[in-house]
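# Inside the fold
Chain residues, written in single-letter form:
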Amino acid sequence: MSLSLTPFTKQQLLPQEEKLEVTRQKSELFIGIPKETSYQERRISLTPDAVNSLTAHGHRVMIEAGAGMSSSYTDKEYSDAGAEITQDTKKVLGCPVILKVEPPTTKEIEMMNPQTLIISALQLKTQKKEYFEALASKKITALAFEFIKDEDGSYPAVKSLSEIAGTASVLIAAELMINQKIGKGLLLGNITGVPPTEVVIIGAGTVAEFAAKTALGLGASVKVFDNSITKLRRLQNALNQRIFTSTIQEKSLLKALMRCDVAIGAMRGKNRTPIVVSETMVENMKRGAVIIDVCIDTGGCFETSEVTTHEKPTFVKNNVIHYCVPNIPSRYSKTASISISNIISPFLLQMAEDGGIESSIRCNAGLKHGIYCYHGLLTNRSIADWFSLSYRDINLIVF
């Protein structure tokens, strides 16, 4: 009896039918944009121009009346762009796709239909376990702005809002220095015959880069401190000029803080921002100097920092003015809204082209990275570890 010379069975050697991918069908989106209810949130996720672009492609957009007022967009502008305006919050939250800036509250999740898609920020540090349990109970798919990746591996939403926060930090400091009640009447810049204003920036990320660009543009003298030489080198290259850069050493940092007029905290930590500047260092700063702690939403890098609000943004401690408002981009609501809208609207149009979120996350790895809850299943490991919840790898569910 002759032995078979092939590892395949007779059945496997027979001609097989070819398996082709099912052609992707365009889908029509029905997007609901409710009014933001979170404290101090003034932004909206889509501008009238973005709504016009979506409705021109055959999609429906329903907006709660007054949702764009705090970003200087009227209901008429949205109506003219093709959106449906309603006073009924429940009706808006009943849409298959919900678009928000702040994450939805548990009350809002209760009003949503099962299997809804939520696209919003997540803001992990402000969330509680109940939020993820509410998403699971409704089998909701949730996508976070800050987790979406671009083709180059960067996070476009985070980067864009960091640019606003960095630029704003210097402009806010300039306002505070000329404030009649608490400022010392100093112009932020470089006037002929007058020593330039000195600005110290702690951190060398995107916030620091745009703070440095703005300060240098006004003519200030800038010093940047960070423990990453790679980040400092990248910052130098981005600025196209040589500035003072240093690793964080207590002696040199204290010397710079004693001489500076403005100190900006722009550090990022894994869980909490490390405290880099102690209270003793703040005590040695000039009378009337300004501290802008941009990273206050993750704890702040100045020991004297305390969370403040847009209504009452400053306090004076050790004769130093502190500005510690989380969510600085919300102060510039129109600019921030345009920025978010320009990032999100192309993803929405692409999602519709792909045939919905299911097909889109199969084709777009950056969008898949933004999913943290898929039909009620938690798919983000860091969230699962943070709240001690069970976790499923999205790559094993969607492939």
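Residues numbered from 1 in each chain as written. Predicted model: local features only at pLDDT ≥ 70, side-chain atom pairs only at ≥ 80, totals over all residues. Heavy atoms only, no water.

### A short note on the packing of aromatic side chains
Within this structure, the stated rule accounts for five aromatic pairs. Each ring, one from F132 and one from F387, has its centre 5.1 Å from the other, and the planes form 50°; the classification is tilted. Separated by 255 residues along the polypeptide, F132 in helix α6 (residues 129-137) and F387 in helix α15 (residues 381-387) bring together distant segments of the chain. For F132, a relative accessible area of 4% corresponds to the buried category. Through pairs of rings, three or more aromatic residues link up here, namely Y131, F132, Y372 and F387. Over the ring of F210 we find K213; its NZ or CZ atom is 4.8 Å from the centre of that ring. In this structure, K223 packs its charged tip against the face of F244, placed 5.1 Å from the ring centre. (Phe/Tyr/Trp six-rings, centres within 6.5 Å; stacked < 30°, edge-to-face > 60°. Helix = DSSP H or I, 4+ residues; strand = E, 2+ residues; numbered from the N terminus. Buried < 20%, exposed > 50% of the residue type's maximum accessible area, 1.4 Å probe, protein only. Lys NZ or Arg CZ within 6 Å of the ring centre and 35° of its normal.)

### Re unusual backbone geometry
With a phi angle near 65°, Q115 is a residue other than glycine that sits in the positive phi range. Position of Q115 relative to the elements: it lies in the loop between α5 (106-111) and β5 (117-120). We note that H375 has phi near 50°; this positive angle belongs to a residue other than glycine. Tracing the backbone through its elements, the reader meets H375 in the loop between β14 (371-374) and β15 (377-378). Taking relative accessible area as the criterion, H375 reaches 28% and is therefore assigned partly exposed.

### Here we look at the pattern of salt bridges
Here the structure, examined in full by the defined rule, presents 14 salt bridges. Here E108 and K100 are joined by a salt bridge, their closest N and O atoms 3.8 Å apart. We note that E108, like K100, is buried. Note that E306 is salt-bridged to K317, the shortest N-O span being 3.3 Å. Here E306 is found in the loop between β11 (290-293) and β12 (314-317), whereas its partner K317 is found in strand β12, with 11 residues between them in sequence. Three or more residues joined by partner-sharing salt bridges are found here, namely E36, K100 and E108. (Salt bridge = Lys/Arg side-chain N within 4 Å of Asp/Glu carboxyl O.)

### Considering the domain arrangement of the protein chain
For the protein chain, the domain assignment lists domain 1 (30-144 + 332-396) and domain 2 (161-324). In this assembly, 11 residues from domain 1 lie in contact with 12 residues from domain 2. Summed over both sides, the interface of domain 1 with domain 2 buries roughly 910 Å², with 58% coming from carbon and sulfur. Ranking the residues of domain 1 by area buried against domain 2 places Q40, K125 and Y332 at the top, with a combined share of 53%. Taken together, the links from domain 1 to domain 2 amount to one salt bridge. (Domains from an automatic or database assignment. Contact = heavy atoms within 4.5 Å. Buried area = accessible area lost by both parts, 1.4 Å probe.)

### Some remarks on the environment of E64
Within the secondary structure, E64 is located in strand β2 (residues 60-64). Look at E64 and you get buried, because its relative accessible area is 10%. Along the chain, E64 and S330 lie 266 residues apart, while their C-alpha atoms are 19 Å from each other. In contact with E64, not counting residues within four places along its chain, are I33, P34, K35, T86, Q87, T89 and V92.

### What about helix α9 (residues 229-239)?
Looking only at α9, the buried set comprises L232, L235, Q236 and L239. Looking straight down α9, one finds that the buried residues subtend no more than 100° of arc, so they occupy a single side. In α9, the exposed residues that point more than 90 degrees away from the buried face are T230, R233 and N237. Where the residues of α9 are buried, they touch α8 (206-218), β8 (221-225) and β9 (244-246). Once α9 ends, the next one or two residues include N240, with phi positive near 60°. (Arc of directions from axis to C-beta.)

### Here's the deal with the sheet that holds strand β1 (residues 30-33)
Sheet architecture is open: eight strands sit in the order β3-β2-β1-β4-β5-β6-β14-β15, paired in mixed fashion. Edge positions in the open sheet fall to β3 (84-86) and β15, since each of these has one partner strand only. In terms of strand pairing, β5 meets strand β6 (residues 141-144) through four bridges, oriented parallel. By the bridge assignment for β6, I118 is matched with A142. (Pairing = 2+ DSSP bridges.)

### Some words on a nonpolar patch on the surface
Taken together, the side chains of L187, I191 and V194 define a hydrophobic patch exposed on the protein surface, amounting to about 280 Å² of accessible area. Structurally, V194 is set in the loop between α7 (156-177) and β7 (198-202). Accessibility expressed as a relative area gives 44% for V194, which makes it partly exposed. (Patch = residues over 30% accessible without salt bridge, like charges linked within 9 Å, V, L, I, M, F, W, Y side chains within 5 Å. Areas by Shrake-Rupley, 256 points an atom, 1.4 Å probe, with all protein chains shown as cover.)

### Here we look at the side chain of Q127
Within the element layout of this structure, Q127 appears in the loop between β5 and α6. A polar contact of 3.1 Å, which involves the side chain of Q127, links it to the backbone oxygen of L122. (Polar contact = N/O pair within 3.5 Å; in protein donor to acceptor, adjacent residues only side chain to side chain.)

### A word on the sheet that holds β7
The strands that make up a sheet pair up through hydrogen bonds in the backbone, lying either parallel or antiparallel. Here seven strands make up an open sheet; going across it, the order is β9-β8-β7-β10-β11-β13-β12 and the pairing mixed. Since the sheet does not close on itself, it has two edges, and those belong to β9 and β12, each with one partner. In this sheet, adjacent strand axes meet at a mean angle of 20° when their direction is disregarded. On top of the sheet, α7 reaches β10 (262-265), β11, β12 and β13 (320-323); it is set at about 150° to β11, its chief contact. Running at roughly 140° to β7, helix α10 (residues 250-259) makes contact with β7, β8, β9 and β10 of the sheet. (Axes fitted to C-alpha atoms, helices over the stretch in contact; angles between N-to-C directions.)

### Structural notes on the nonpolar core
Nonpolar side chains in soluble globular proteins tend to be buried together. If you look at the biggest cluster of nonpolar residues, it comprises 39 residues, and the most contacted ones within it are I119 and L348. At the level of elements, β1, α2 (48-56), β2, β4 (97-99), β5, α12 (333-354), α13 (357-363) and β14 are the ones that each hand at least two residues to this core. Element by element, the count of residues in this core is highest for α12, at seven residues. Ignoring any residue separated from it by four or fewer positions in sequence, one finds I119 in contact with V97, I98, L99, K100, L143, F145, L348 and M351. (Core = buried A, V, L, I, M, F, W, Y, C linked by side-chain atoms within 4.5 Å.)

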